[in-house]
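# Examining the three-dimensional arrangement
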Amino acid sequence: MTERRDDTETAPLSPLRWIDERLARLGVTGRFGQDVVFAVAVAVVTFAFDIVLLPVAADDLAVTLTAAQVWTLTLAGTLQALLLCLRRVRPRLCLAAVMACQVVVTAAAPGLTANGLAVVIVFYTVGTLASVRFTVAAAAVFTLIGGATAAASLWAMGDDLAIVFGHLTSSALCYAAAGFVGIYMTSRRSYLALVNERADEAIRRQHERAQAAVVAERTRIARELHDVAAHHLSGMVVQAAAIERLIDRDPAAAKSGAAWIRSQGKATLDNLRQVVGLLRDREGADGDGNAPVPGLSALEALVDEARSLGADVAFEREGEPVRLPPLADISVYRIAQQALTNARQHAPGAPVRVRLACGERQVELAVVNGPSGKAASGGRAGTGLIGMRERADLVGGDFAAGPSADGGWTVSLHLPVRAEDLARDTEFETGVRA
């Protein structure tokens, strides 16, 4: 017999499982121990029914039973019930022994076509533990054995063999129904286990997506803070170095530089407050958090700010201005901002050229600095290039950075503009005008 996995612990609440749970509460644990108690209880019920009610039931069915037959049926039925202690530890042996007792019952009283409670229970158990093929085969085989036993007994007694059909019918229905219920309970167990497994997998995937979203959000926050802080603070470091040189020989210029540093510090705080405000819940954000973020329209102001630090920065704009989606707009601005910051840190004093070309279906940004004649500021390499590349990838742009032919450095971004984005912007402007 090919046995299936017994999922009694995870099964729906069937009558037999309900009994197992009650026995476990009473301290009876283990399959064999619970089945022993269960078998004794069924044996008591079977003995009481057979010894008291069997003669009455026989009279109602117009079947004459002698005292010897009553005792044979009672003892065989009680033994059947006691054999149920093996129903889960040795199911094949239990089935064979119970059905052997059933053969004795049929041979002793072929006029009775009823089956005992133990027969129903053992076929239910086989249905839960065995394969469907084995359960059907066992029901068919023992139905034929019971019919053959009844036919042989009736023929030996000289009785009418027509009752054999009743034996075959009742046995087939009893065995098939009990086995079907057992098969159904096992199938339901497997289905519920599969549903639970899929639910757990869905929860795990949802948790993984949530964790990935958290990591992505942390990366975005770090990138925004890096772009804002690095740009302003690098300029403040350059200006502080100039003040250090001027403080003794030109106090007025040093005082002016200190005022500029103070204004830049305030601007840095305002920008950081703006970034943090955008990441907070709208209900809790203040006015600064809801302020518009910079984009292509702010590039010229960004260049003017770099010039105020003494850098030689040229700005070229080609084509008509294009309205980009918000994420692409701020990404182009941040890449230009980081490129200027890198030029100020790694090539101080070198001329820088910023070129913005706007076409119908693309935007190109190039920030090129020449070789520096001064020593670059010390410190380890940062994450500026990584952040710029991530921003470009996020909006579907092509990013490139590397040394130029004259010994300088070039940062370039090619950003395609989709027609549907332009259409949405046109609809937005039309709605505003209306």
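Provided above is the structure to which this section pertains.
Now for a look at the structure at hand. (Residues numbered from 1 in each chain as written. Predicted model: local features only at pLDDT ≥ 70, side-chain atom pairs only at ≥ 80, totals over all residues. Heavy atoms only, no water.)

### A few points about the nonpolar core
Put simply, the test is: Each nonpolar core is a collection of buried residues, namely Ala, Val, Leu, Ile, Met, Phe, Trp, Tyr and Cys, held together in the definition by side-chain atoms within 4.5 Å. Classification of residues uses two cut-offs on accessible area relative to the type maximum, computed with a 1.4 Å probe and protein chains only: under 20% is buried, over 50% is exposed, and between them is partly exposed. Secondary structure elements follow DSSP: runs of H or I no shorter than four residues count as helices, runs of E no shorter than two count as strands, and numbering proceeds from the N terminus. Two residues form a contact once any of their heavy atoms are found within 4.5 Å.
Within the largest apolar cluster, 32 residues are counted, with the highest numbers of intra-cluster contacts made by Leu 299, Leu 324, Ile 335, Leu 340, Val 354 and Leu 365. Elements with a minimum of two residues in this core: helix 9 (299–308), strand 1 (313–318), helix 10 (326–346), strand 2 (352–358), strand 3 (362–369), helix 11 (384–394) and strand 5 (409–416). The element best represented in this core is helix 10, accounting for eight residues. Leave out the neighbours within four places in its chain, and Leu 365 touches Val 332, Ile 335, Ala 336, Val 354, Arg 355, Val 411, Ser 412 and Leu 413. Judged by nonpolar contacts, the second largest core, of 29 residues, contains Ala 81, Cys 85, Val 126 and Cys 174.

### Some thoughts on a nonpolar patch on the surface
For the record, the criterion: The residues that make up patches have over 30% relative accessible area and no salt bridge, and they are joined within 9 Å when like-charged or within 5 Å when they are Val, Leu, Ile, Met, Phe, Trp or Tyr. Each accessible area is a Shrake-Rupley estimate made with a 1.4 Å probe; only the visible protein chains count as cover when residues are assessed. Only one rule defines a salt bridge in this text: a Lys or Arg side-chain nitrogen within 4 Å of an Asp or Glu carboxyl oxygen.
Taken together, the side chains of Phe 32, Val 36, Val 40, Val 44, Leu 79, Leu 82 and Val 89 present a nonpolar region at the surface, about 550 Å² in accessible area. When residues of the nonpolar patch are traced back to their parent elements, those giving at least two are helix 2 (31–60) and helix 3 (67–82). For the nonpolar patch, the element with the most residues is helix 2, which contributes four residues. Along the polypeptide, Phe 32 turns up in helix 2. By relative accessible area, Phe 32 is classed as partly exposed at 43%.

### A few points about the pairing of strand 5
Put simply, the test is: When DSSP finds two or more bridges between a pair of strands, those strands are recorded as paired.
Strand direction decides the pairing type here: strand 3 and strand 5, joined by eight bridges, are antiparallel. From the neighbouring strand, Ala 366 faces strand 5, where its bridge partner is Ser 412. Pairing of strand 4 (residues 398–403) with strand 5, which is carried by six bridges, proceeds in the antiparallel orientation. Opposite Asp 398, over in strand 5, you have His 414 as the bridge partner. Counting the residues between successive antiparallel strands, the hairpin from strand 4 to strand 5 contains five residues, one of them, Gly 407, with a positive phi of roughly 95°.

### So, the sheet that holds strand 3
Rules: Fitted lines through C-alpha atoms give the axes, limited to the stretch in contact for helices. The angle between two N-to-C directions lies from 0 to 180 degrees.
With mixed pairing, five strands are arranged side by side in an open sheet as 1-2-3-5-4. Among the strands making up the open sheet, the edge pair consists of strand 1 and strand 4. Strand-to-strand, the axes of this sheet are offset by a mean angle of 10°, without reference to chain direction. Of the pairings in the sheet, the one linking strand 2 to strand 3 comprises seven bridges and is antiparallel in character. Pairing of Arg 355 across the sheet is with Ala 366, part of strand 3. The strands that helix 10 touches are strand 1, strand 2, strand 3, strand 4 and strand 5; relative to strand 3, the one it contacts most, it runs at about 10°. In the packing of helix 11 onto the sheet, the strands contacted are strand 4 and strand 5, and the crossing angle to strand 4 comes to about 155°.

### Digging into the packing of aromatic side chains
Counted only if it meets this: Each pair of aromatic rings taken from Phe, Tyr and Trp, with Trp reduced to its six-membered ring, is defined by centres within 6.5 Å and is described as stacked if the planes are under 30 degrees apart, edge-to-face if over 60, and tilted in the remaining cases.
A full pass over the atoms with the stated rule returns two aromatic pairs. Between Phe 123 and Phe 142, the aromatic rings sit 6.5 Å apart at their centres with planes inclined by 85°, giving edge-to-face as the arrangement. With a gap of 19 residues between them, Phe 123 in helix 5 (residues 117–129) and Phe 142 in helix 6 (residues 132–157) connect regions that are remote in the sequence. Summarising the burial analysis for this pair, Phe 123 and Phe 142 share the class buried. Aromatic pair Phe 123 and Tyr 175: ring centres 4.6 Å apart, planes at 10°, arrangement stacked. Taken together, the residues Phe 123 in helix 5 and Tyr 175 in helix 7 (residues 163–246) connect sequence positions 52 residues apart. According to the relative accessible area criterion, Phe 123 is buried, its value standing at 0%. Pairwise contacts between aromatic rings join Phe 123, Phe 142 and Tyr 175 into one cluster.

### As for the pattern of salt bridges
All told, the structure shown has seven salt bridges when counted by the stated rule. Among the ionic pairs, Arg 355 bridges to Glu 318, the shortest N-O distance being 3.1 Å. Here the residue Arg 355 occupies a position in strand 2, and Glu 318 occupies one in strand 1, the gap between them amounting to 37 residues. Among the residues examined, Arg 355 registers a relative accessible area of 24% and is labelled partly exposed. Using a relative accessible area of 36% as the deciding quantity, one classes Glu 318 as partly exposed.

### Examining the packing of helix 4 (residues 91–108) against helix 6
Spelled out, the test is: Here is the rule for angles: anything less than 35 degrees is roughly parallel, anything more than 145 is roughly antiparallel, 65 through 115 is roughly perpendicular, and the remaining ranges are oblique. In a left-handed crossing the near helix is turned counterclockwise from the far helix by less than a right angle, and in a right-handed crossing that turn is clockwise. Just so you know the grouping, Ala, Val, Leu, Ile, Met, Phe, Trp, Tyr, Cys and Pro go in nonpolar, Asp, Glu, Lys and Arg go in charged, and all remaining residues, Gly too, go in polar.
In the contact formed by helix 4 and helix 6, the axes pass within 9 Å of each other and the chain directions differ by 25°. In terms of axis orientation, helix 4 runs roughly parallel to helix 6. Crossing hand, helix 4 versus helix 6: right-handed. Residues Leu 95, Met 99, Val 103, Thr 106 and Ala 107 of helix 4 pack against Phe 134, Ala 138, Phe 142, Ile 145, Gly 146, Thr 149, Ala 150, Ser 153 and Met 157 of helix 6. Of the residues contributing to the contact of helix 4 with helix 6, the split by class is ten nonpolar, four polar and no charged.

### Quick notes on helix 6
Within an α-helix, residues lying three or four positions from one another point in the same direction, as the helix has 3.6 residues per turn. Inclusion rule: How far a helix is expected to stretch is found by multiplying one less than its residue total by 1.5 Å.
The first and last C-alpha atoms of helix 6 sit 38 Å apart over 26 residues, in line with the 38 Å expected at 1.5 Å per residue. Considered for burial, the residues of helix 6 that qualify are Thr 135, Ala 138, Ala 139, Phe 142, Thr 143, Gly 146, Gly 147, Thr 149, Ala 150, Ser 153 and Leu 154.

### Description of the packing of helix 5 against helix 6
Look at helix 5 against helix 6: their axes get within 9 Å of each other, and the N-to-C directions meet at 150°. If you check the angle between helix 5 and helix 6, you find them roughly antiparallel. Here helix 5 contributes Phe 123, Val 126 and Gly 127 to the contact with helix 6, which in turn contributes Phe 134, Thr 135, Ala 138, Ala 139 and Phe 142. For the contact of helix 5 with helix 6, the residue count by class is six nonpolar, two polar and no charged.

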